[in-house]
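Notes for the structure review
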Amino acid sequence: TIPIIYAVHLKNHRLSWPQNSKKPNAIIDSEVIKKQQFPKGFYVLVKRFSTKEERKRIIASIITPDDFIKDSMTFENHLNIFHVNKSSLPEYIAYGLVCWLNSTNIDDKFRLFSGHTQVNATDLRNLPYPNTEKLLKLGEKLKSCTEWCQESIDGLAKEVIGEN
């Protein structure tokens, strides 16, 4: 078997696997799912659905090579995955994306053009993103940050990107 990641496995912007839930923690490794597997690396996952009660619509989490217990894992269909041609993002870009996507600024921008609780890939493509240099700097700062609370995420985004 290989790990299969569901939204229930994402807690506090990180992977929390395995979980006791109705969802399985693994799937049989077969030829049928080979195309759905991702190799060890850095990935950013965004939940496709949020509840109306959640404060944020865009909820991003990071997956790191340390999270892999095997050489690959797969993700269920209710997650948007940031990757580079089905392989790892650069480490600090991944951390930078997690910070940027979880910022209040991006949530506010998303709510301007979307009134629903679903976040699809087109929505994510239409968001504004900082340039690579700023994402790298943002990622470095987030990785060294001990607590990923909303205030620290917003503070880093404002400091590096310059937007509220």
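Refer to the preceding data block for the structure.
Okay, so let's go over this structure. (Residues numbered from 1 in each chain as written. Predicted model: local features only at pLDDT ≥ 70, side-chain atom pairs only at ≥ 80, totals over all residues. Heavy atoms only, no water.)

The strand order across the open sheet formed by four strands is E4-E1-E8-E5, and the pairing between neighbours is mixed. One side of each edge strand has no neighbouring strand; the edge strands of this open sheet are strand E4 (26–27) and strand E5 (37–39). (Pairing = 2+ DSSP bridges. Helix = DSSP H or I, 4+ residues; strand = E, 2+ residues; numbered from the N terminus.)

With that settled, the discussion passes to the pattern of salt bridges. A complete count under the given rule lists four salt bridges for this structure. Lysine 143 is the salt-bridge partner of glutamate 91, the closest N and O atoms lying 2.4 Å from each other. Residue glutamate 91 is found in helix H1 (residues 91–101), and its partner lysine 143 is found in helix H4 (residues 132–144); the two are separated by 52 residues along the sequence. The exposure class of glutamate 91 is partly exposed, given its relative accessible area of 25%. The salt bridge involving glutamate 159 is made with lysine 141; its shortest N-O contact spans 2.9 Å. Taken together, the positions of glutamate 159 in helix H5 (residues 150–161) and lysine 141 in helix H4 put the pair 18 residues apart, joining distant regions of the chain. For lysine 141, a relative accessible area of 27% corresponds to the partly exposed category. (Salt bridge = Lys/Arg side-chain N within 4 Å of Asp/Glu carboxyl O. Buried < 20%, exposed > 50% of the residue type's maximum accessible area, 1.4 Å probe, protein only.)

Of note, aspartate 107 is situated in helix H2 (residues 104–113). A relative accessible area of 4% means that aspartate 107 is categorised as buried. Side chain to side chain, aspartate 107 and arginine 111 meet in a polar contact 2.8 Å long. The contact partners of aspartate 107, leaving out residues within four places of it in the chain, are Arg55, Lys56, Arg57 and Ile58. (Polar contact = N/O pair within 3.5 Å; in protein donor to acceptor, adjacent residues only side chain to side chain. Contact = heavy atoms within 4.5 Å.)

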